[in-house]
Amino acid sequence: FILMDDLGWVDLGCTGSTFYETPRIDALAASGMTFGQAYASCPVCSPSRGSYLTGRYPARLGLTDWIDTTYRAHPQRATLIEAPYIHHLPRGNFTLPQALKAGGYHTWHVGKWHLGGREYYPDRVGYDVNIGGCDWGHPHQGYFAPYGIETLPDGPDGEYLTDRLTDEAIALIRGRSDDAPFFLSMCHYAVHTPIDAKPADIARFETKAKQLGLDKCQAIVPGEKLPTHDWNVMRRVIQSDPAYAAMIYNLDWNIGRLIDALRDVGELDNTLVIFTSDNGGLATAEGSPTCNSPASE
């Protein structure tokens, strides 16, 4: 189960992007099925993650907004009364990894968690292994080591987080000591902010943007005024950010490496691979690195 963070609706070649490059994910889509009217259960991440673990909608689960464990209460952001704010995945839910573990599966979590503090980490809800999952919603220190993630020992300075998490997942697949089936939750921090990519990959898409004339286009335009603030939405209307494109490019390469590892150990034809995102792309917030048009029009 490959779960992306903030991946936009048209951030892949197979879903319509003409600037980003995703040949391995496109090949995965071409070899299987795509679901063009399947939607994340929430427009922010923690509730979506709770839904896939429990099979419950956010309102039924009681987890309806992203989690920040430093808040004593939810910050007031609207004129209406907020829903009750909780800081973790509610206890007492029978989770997907618990069900599969009961069926004889090894259960592994690699990457982002964002469903509460230590007492709510993946190993407390059915996973045998937790690599990189903590209460963080994004890599606070960026995508290059040292990461400072308590459940992921730091690699050498300059190591890239998406590469490292894929390495860890591949090591689990290759290192099995028996023939028991496995359930891997491959939950990348990418492409959540900070928009942080390898310099060579950024240069590739700076060149491409110039070749397509995208560097001369007005990519971000003022939109409607926010009802609760005295400023306007700033909406990206074209995909043209080289750094964001570079993050997508690296992600695609790593998805390919994971698929290759399954093939190498003889399990690709025996494995169901699900690829999705916790919610859509950041087209109107946090720097507006991507564009969701025509979905956002």
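Before reading further, recall that the structure is shown in the block above.
Residues numbered from 1 in each chain as written. Predicted model: local features only at pLDDT ≥ 70, side-chain atom pairs only at ≥ 80, totals over all residues. Heavy atoms only, no water.

### Re the pairing of strand 2 (residues 106-111)
Logical step 1: Burial within strand 2 is extensive, with five of its six residues counted as buried.
Logical step 2: Direction of pairing for strand 2 relative to strand 4 (residues 182-187): parallel, over a ladder of six bridges. Residue pairing across strands places H106 opposite F182, the latter belonging to strand 4.
Logical step 3: One ladder, built from three bridges, connects strand 2 with strand 3 (residues 129-131); its direction is parallel. Within the sheet, the bridge partner assigned to H109 lies in strand 3 and is N130. (Buried < 20%, exposed > 50% of the residue type's maximum accessible area, 1.4 Å probe, protein only. Helix = DSSP H or I, 4+ residues; strand = E, 2+ residues; numbered from the N terminus. Pairing = 2+ DSSP bridges.)

### Remarks on the packing of helix 6 (residues 199-212) against helix 7 (residues 242-264)
Logical step 1: Between helix 6 and helix 7, whose axes approach to 8 Å, the crossing angle comes to 120 degrees. By the angle class used here, helix 6 and helix 7 are oblique. Between helix 6 and helix 7 lies a crossing whose hand is right-handed. In contact with D201, I202, R204, F205 and E206 of helix 6, helix 7 contributes P242, A243, A245, A246, Y249 and N250.
Logical step 2: In terms of residue class, the contact of helix 6 with helix 7 is made up of seven nonpolar, one polar and three charged. (Axes fitted to C-alpha atoms, helices over the stretch in contact; angles between N-to-C directions. Parallel < 35°, antiparallel > 145°, perpendicular 65-115°, else oblique. Left-handed = near helix turned anticlockwise from the far one by under 90°. Contact = heavy atoms within 4.5 Å. Nonpolar A, V, L, I, M, F, W, Y, C, P; charged D, E, K, R; others polar.)

### Overview of the sheet that holds strand 1 (residues 2-4)
Logical step 1: In space, the five strands of this open sheet follow the order 3-2-4-1-7, with parallel pairing throughout. Two strands in the sheet have a free side with no partner beyond their single neighbour: strand 3 and strand 7 (275-277). Across the sheet, the axes of successive neighbouring strands diverge by a mean angle of 15 degrees, strand direction being ignored.
Logical step 2: In the packing of helix 5 (residues 161-174) onto the sheet, contacts are made with strand 2, strand 3 and strand 4, and the angle to strand 2 comes to roughly 165 degrees.

### Observations regarding the packing of helix 5 against helix 7
Logical step 1: At a minimum axis distance of 10 Å, the contact between helix 5 and helix 7 shows a crossing angle of 10 degrees. Looking at the two axes, helix 5 sits roughly parallel to helix 7. Only N250, L251, W253, N254, R257, L258, A261, L262 and D264 of helix 7 make contact with helix 5, whose side of the interface consists of T162, D163, T166, D167, A169, I170, I173 and R174.
Logical step 2: Among the residues forming the contact of helix 5 with helix 7, the class breakdown is eight nonpolar, four polar and five charged.

### Observations concerning the layout of surface pockets
Logical step 1: Taken as a whole, the second largest pocket holds about 470 Å³ of empty space.
Logical step 2: Lining the second largest pocket are 22 residues; nearest its centre among them are F182, F183, L184, T271 and L272.
Logical step 3: Mapped by element, the contributors of at least two residues to the lining of the second largest pocket are helix 4 (96-102), strand 4 and helix 7.
Logical step 4: Sort the elements by how many residues they give to the lining of the second largest pocket and strand 4 lands first, with four residues.
Logical step 5: Looking at the lining of the second largest pocket residue by residue, the classes come out as 17 nonpolar, two polar and three charged. (1 Å grid on protein atoms, 1.4 Å probe; cavity = no way out; pocket = protein on both sides within 12 Å on 5 of 7 lines; lining within 4 Å. Points joined across faces, edges and corners; volume = space filled by probe spheres on them.)

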